[in-house]
Every structure is written in structure tokens, then in C-alpha cells.
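Chain by chain, the residues run as shown.
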Amino acid sequence: MRVIAGIYRSRILKSLKGLALRPTSDRLRETLFNVLAPNLPGARFVDLFAGTGAIGIEALSRGAAEVVFIENHAPAATLIRRNLESLGINTGVTVLAVDALRGLAMLAARKNSGVPAFDHVFLDPPYAAAEDYSRVLEFLGTADLLAPGGIAIAEHRRNFDLCEEAGALRRFRVLRQGDTALSFYRRRGDDAGGENNSAE
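Below: a short report on this structure. (Residues numbered from 1 in each chain as written. Predicted model: local features only at pLDDT ≥ 70, side-chain atom pairs only at ≥ 80, totals over all residues. Heavy atoms only, no water.)

### Observations regarding helix H5 (residues 130-142)
Three- or four-residue spacings in an α-helix give side chains the same orientation, since the helix completes a turn every 3.6 residues. Between its first and last C-alpha, H5 extends 19 Å over 13 residues, near the 18 Å set by a 1.5 Å rise per residue. Looking only at H5, the buried set comprises Asp132, Tyr133, Val136, Leu137, Leu140 and Gly141. Here the buried residues of H5 occupy an arc of 155 degrees about the axis, which is enough to place them on one side. Directly beyond the C-terminal end of H5, a positive phi value near 60 degrees is found at Asp144. (Helix = DSSP H or I, 4+ residues; strand = E, 2+ residues; numbered from the N terminus. Expected span 1.5 Å × (residues − 1). Buried < 20%, exposed > 50% of the residue type's maximum accessible area, 1.4 Å probe, protein only. Arc of directions from axis to C-beta.)

### A word on the packing of helix H4 (residues 100-112) against H5
Between H4 and H5, the shortest axis-to-axis distance is 10 Å and the interhelical angle comes to 10 degrees. Between H4 and H5, the crossing angle belongs to the class labelled roughly parallel. Between H4, through Ala100, Leu101, Leu104, Ala105 and Ala108, and H5, the contact on the second element is made entirely by Arg135, Val136, Phe139 and Leu140. When its residues are assigned to classes, the contact of H4 with H5 shows eight nonpolar, no polar and one charged. (Axes fitted to C-alpha atoms, helices over the stretch in contact; angles between N-to-C directions. Parallel < 35°, antiparallel > 145°, perpendicular 65-115°, else oblique. Contact = heavy atoms within 4.5 Å. Nonpolar A, V, L, I, M, F, W, Y, C, P; charged D, E, K, R; others polar.)

### Here's the deal with the pattern of salt bridges
Using the criterion set out here, one finds eight salt bridges in the structure. The shortest N-O distance in the salt bridge between Asp26 and Arg29 comes to 2.3 Å. Taken together, the residues span about one helical turn, with Asp26 and Arg29 both in helix H1 (residues 26-36) at a distance of three residues. Judged by its relative accessible area of 40%, Asp26 falls in the partly exposed class. Relative accessible area serves as the criterion here: at 0%, Arg29 is assigned to the buried category. For Arg110, the salt bridge is made with Glu66, and the minimal N-O distance between the two is 3.3 Å. Here Glu66 lies in strand E2 (residues 66-70) and Arg110 lies in helix H4, a separation of 44 residues in the sequence. The buried category is assigned to Glu66, whose relative accessible area is 17%. (Salt bridge = Lys/Arg side-chain N within 4 Å of Asp/Glu carboxyl O.)

Below you can see the structure in the form of C-alpha cells.
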């Protein structure tokens, strides 16, 4: 597994053996970041259910100013730290080895203390954990963690129908690729005219 583009382009990232993690495919990562690219430089990004950290590291490679990795599986959290070390990344990153909702609550508490909001939150829970999608999206739709115009992106099975709305979040775009899909959400009132687009 490699970083696709940016300052760490082609650098190799380690993964865990076996089926403990399901990394986002290179092709889907490229699709995701083609959409986010114009708004990534200087952005604050959360990689939720971070696994190997490949999504957050790709964001850093493409100019994100800060990435918070939230990963409850201890060996995976250790792996993220090792991948960051291997690339010499030691600033602008935080690894929280906690449950997703607890990690988000910690970030929301920081925001209440004056820390800026986040521009992007990417969530990729285990595909079978349907309740994790709804719990996280509802939290993001009520917690005021996203900056104005901020976007939450959920990776999910193509045939798994995510909600259109969660709290103040509204889905405005779905990108489908093979058996997988990406759903893009923006806070109501922050919608810059984005219609519900669907692409194969």
C-alpha cells in the first residue's frame, strides 16, 4: 500500500497481516481525494476508524495542516504511529486510541475551548457495523464539530443505504465504485449549491 500523491507520493505504508483491517483501495482513495483536493491545503482532517492511517496520511501528503487519527484497535493505533514515523511526520498529527464516539467527544470538547473546527471527517467503520454509521453521523450532525462548509464522508458498501439526513447533516453526493460507495454530507445551511450527484 502506497501514498498516491503529494509530498509523500509512492512512499510505502505498512498494514496488519490477516483480516484485522480492510484498507480503502487505492482507486477509491484516489476518487475521494480528487473530490477533496481543492479544499485540502491547510485543512483540518479527522480520519475515523483510521485502520492503517492511509486516508489521513494521504490528506497530509496533499497539504492538510492537521490530521487526527481515531482508532480503537490498539495494534492498528500502533501501526499508524509507525507509519507516521516512517515518513518523518511528527507535527500536525494526533493519534487517539479510543472508541470513535469518545474520540469525537474529546475533539468537540477541544473546540469548546477555542480550538478551530474541522474541515473534513472521514469515517470507514467495519461494513457490518451499521449502527456505527448512524451513531457517528448523528453526533456530527449535532455536535458542531465541522467548520462552516465542512464535509463528512462515509465509506460503505454499495448496497448499504445510508441516511439522507442526520441532525444538521444532509447528504449531497454519492460516488459508487465497484462494490463500494462514498457518501458526502454537509451541514444544512452550509450547502454551497451542491445537488445530490451520483456517479458510477
